[in-house]
2 protein chains.
Amino acid sequence: MSPIKTYVQEHKDRFINELIELLKIPSVSADTAYSHDVILTADAVKVSLENAGCNFVEICDTPGYPIVFGEHIIDKNLPTVLVYGHYDVQPPDPLELWTSPPFEPVIKTTEIHPEGAIFARGSCDDKGQMYMHIKAFEYMIHSNSLPCNVKFMIEGEEEIGSKSLSWFVERNQSKLSCDVILISDTGMISNQQPSITTGLRGLSYVEVEVTGPNRDLHSGLYGGAVANPINVLAKMIASLHDENNHITIPGFYDNVEELSSEERAEMAKAPFSLDNYKKALDIETVYGESGYVTNERNSIRPTLDVNGIWGGYTGEGAKTVIASKAYAKISMRLVPDQDWEAITELFTKHFISIAPAGVTVKVKPHHGGQGYVTPIDSIGYKAANKAYTETFGVPAIPVRSGGSIPIVALFEKELKSKTILMGFGLDSDAIHSPNEHFGIFNYLKGIETIPLFYKYFVELSK
Amino acid sequence: MSPIKTYVQEHKDRFINELIELLKIPSVSADTAYSHDVILTADAVKVSLENAGCNFVEICDTPGYPIVFGEHIIDKNLPTVLVYGHYDVQPPDPLELWTSPPFEPVIKTTEIHPEGAIFARGSCDDKGQMYMHIKAFEYMIHSNSLPCNVKFMIEGEEEIGSKSLSWFVERNQSKLSCDVILISDTGMISNQQPSITTGLRGLSYVEVEVTGPNRDLHSGLYGGAVANPINVLAKMIASLHDENNHITIPGFYDNVEELSSEERAEMAKAPFSLDNYKKALDIETVYGESGYVTNERNSIRPTLDVNGIWGGYTGEGAKTVIASKAYAKISMRLVPDQDWEAITELFTKHFISIAPAGVTVKVKPHHGGQGYVTPIDSIGYKAANKAYTETFGVPAIPVRSGGSIPIVALFEKELKSKTILMGFGLDSDAIHSPNEHFGIFNYLKGIETIPLFYKYFVELSK
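Residues numbered from 1 in each chain as written. Chains lettered and ligands numbered in written order. Predicted model: local features only at pLDDT ≥ 70, side-chain atom pairs only at ≥ 80, totals over all residues. Heavy atoms only, no water.

### So, the overall build of chain A
And step 1. Helix and strand content of chain A: 13 helices and 18 strands.
And step 2. Against the 2.2 N^0.38 benchmark of 23 Å for 462 residues, chain A shows a C-alpha radius of gyration of 23 Å, consistent with a compact globule.
And step 3. Overall, chain A is about 80 × 50 × 45 Å in size when its C-alpha atoms are taken along their principal axes.
And step 4. The 462 residues of chain A split such that 62% are buried.
And step 5. Here the analysis covers contacts within chain A between residues at least 6 apart in sequence; of these, 78% occur between residues at least 24 apart.
And step 6. Of the roughly 17,000 Å² that chain A leaves accessible, carbon and sulfur atoms contribute 52%.
And step 7. Taking the average place of the 39 positive charges on the side chains of chain A and the average place of its 59 negative ones, the gap between the two points comes to 1 Å. (Helix = DSSP H or I, 4+ residues; strand = E, 2+ residues; numbered from the N terminus. Rg over C-alpha atoms; globule rule 2.2 N^0.38 Å. Buried < 20%, exposed > 50% of the residue type's maximum accessible area, 1.4 Å probe, protein only. Contact = heavy atoms within 4.5 Å. Areas by Shrake-Rupley, 256 points an atom, 1.4 Å probe, with all protein chains shown as cover. Lys, Arg positive; Asp, Glu negative; His and termini not counted. Charge placed at Lys NZ, Arg CZ, Asp CG, Glu CD.)

Below you can see the structure in the form of structure tokens.
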């Protein structure tokens, strides 16, 4: 057994218990009710880095939640790996669908995780995946095998758009200078088949408000005679897709790269079972843009989804009211050449333009970020692939993900470094959903694989 | 000064204070959290009837909230007036838009109500209007001028569909036998121009649920590849109206009576200022079915409105989620010949049929009721008109209302009696909205006018 495997076996109970303690703190960045817990989590991450042996750790104030920065410089002439992760989590609602409370972690076995998985909000996204890096670092310090310098930057606003991180990165280029950025905030194909995410979608997230009459009205007395903001909002949302599920915003597709048939054929080789996909979601059929298959719709194509909608009476029973206002949260996933700020502007202009007379419309941009593609011939990609190959026994497959980590494009711009996305989560981990979990196998495999990335990255950099 | 005017002047402070006490009890029938208060309100109404001099009062149990029944029989050979009203109220939300708490009544003056108006949920709809009848009865007993028999039937489920009232009426035809039914649960044109409601729309109220994937999903990983229940619900709602704002449900208009151009010309004579209407609602333009004007759209035409919609993340900030489910509450206002149960079936069948593959749809009927038209040559209508003419100095105008009091059609069917809708509220009273109020003028004028209805109804019945 390799020394790292032995170390993981000896310390695995402690590794699991430490993560469980971190998961108990409800660091929901989207809801100010949890702001004290978000701060407490930053403190806990700082202590973890110190305990792991990091020789400099600080909590950096920002206009929002703090960033935990750590560094361990062994030789200025050696390469530097910058590890990014986030300690904030998604809101846990709908709470009633959790089988155990989101902030009371428990280990349960599942079909995919016979060795058990930790069920808790943030277990995979991203506390669990971020903590693998701290434990891998602990091993390298303990075994005196750290082959290069390392920096940690763990933020608390990833789930709400990383605004303060942008602010921080723009102001700290030399502090953050590095040769590669390493992130575990994505997934892999399966526990038998590792993969490396080579593309991410960008994001534009907006909130819209439609106002009709200046007060809620009795639907009997006014129904049919004034614009009903909910009906109008439904109509406006419906009009954003045509009958082929293409998005109708003028200019939306202008910078969308059309992949060649060769590239699409290459993508189609990734293992995918439409039957299993439908079965897992309990749906009769998939749904999406004409002319593209599922794995294209959720990766190389931009999309528009309503993430939340509300208006009028939503309580028990019936109320015959015409609401004064209706609201929706709408996000667009973008592909690499679509600029998120330009798309936000196109959306805003279009959405206001399609409002019928009789209502007024406001569009409030929430946040966004650029898409990203990383080349598979870089030293970082090769090092990651070698690491996975060694621990899983098979090479990793490059995949384009539909998700967004907006700061990846920012890192490239500000820090001039490529990012390597070494994810150890699975699609079935239910991140952003009730019953989020992270396999014990995945957690420990991550801790085992990461030191190999350092080793090969330094070797290949020579 | 007439004896009734004198009596009202002498007792008006007590009349106002008694109503204020009744308004303090939050009898919200739609929300089970208030069920104890609804029961308390029934008890308070019973005591009021006893105190006013009614010689038999009882609380009648039903499968739902109780009905307060009272009667005062002076001579079996004389006509009997059955007064109907309701002691339950609409939910008060959105609470933040009330300028004073909905269940802490206060008197404030407004432009329309220089003599003051009572601001509270239920002040007009219907506690205030119902209580006028109890005080008018008190006067007739006190002055020994009651010219006929009277029965009271005050229910607690009007705002949620009067299910228990139907049950009660079907089982108590002889107990409720009467010559005319008198209701104050509508409005009049203005404090200078009384009107009598001669038509009511029917109602079908349903709740729909659209289910996509079996759990909430990350919109980055699944966006564009599965049917998003909110987008689908928006599309389905949008499709319920065509480009002329006609309702697209097959068969929906089959029994809709087309009024002759003479009738429409007659309707157009009712005083109406489109400018004032738009100004009062702060809207740039009205909106509705092509080919009809505002006063037709909200009275002689059936309509479909979403009364509430919800799904996905509706909290603070942003959550990139595809919801598993989306919901809407939808009501249709119907014209007299449309059967509400048939329309509910047409809606259900159509709504399920337009669901795209990839989602499942449920439709849950909430409640409904038939529309109603009353002839203006009846004794009841003539008596009401004479009463208004005497107290306001001008005759009342007959108007068709867009609202629904579903039990009016039921009364005609079960009790074989016509209903007279003597409303004293105003459109601006904000019933079903925040800051509901009822003018002191209107309240006292109602108490003054009602005994004259009794007088003329008995005279004209001879």
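### Details of the interface of chain A and chain B
By a frequent convention, interface size equals the accessible area lost on bringing the separate parts together.
And step 1. Contacts between chain A and chain B engage 89 residues on the former and 89 residues on the latter.
And step 2. Both sides of the chain A and chain B interface together cover about 7,600 Å² of buried area, and 52% of this is carbon and sulfur.
And step 3. Interface area lost by chain A to chain B is led by Tyr287, Ile309 and Lys319 of chain A, which between them contribute 9%.
And step 4. Taken together, chain A and chain B are joined by 0 salt bridges. (Buried area = accessible area lost by both parts, 1.4 Å probe. Salt bridge = Lys/Arg side-chain N within 4 Å of Asp/Glu carboxyl O.)

### Regarding the sheet that holds strand β5 (residues 117–119) of chain B
Residue and element names in this part refer to chain B.
And step 1. Pairing in this open sheet of 3 strands is antiparallel, and the strands run β4-β5-β18 from one edge to the other. Each end of this open sheet is capped by a strand with a single partner; those strands are β4 (106–108) and β18 (437–439). Each strand of the sheet is rotated relative to its neighbour by a mean of 30 degrees, with strand direction disregarded.
And step 2. Pairing analysis gives 3 bridges linking β5 to β18, with the strands arranged antiparallel. What sits directly across from Ile118, in β18, is Phe438.
And step 3. Strands β4, β5 and β18 of the sheet are contacted by helix α13 (residues 440–461), whose axis makes an angle of about 60 degrees with β18. (Pairing = 2+ DSSP bridges. Axes fitted to C-alpha atoms, helices over the stretch in contact; angles between N-to-C directions.)

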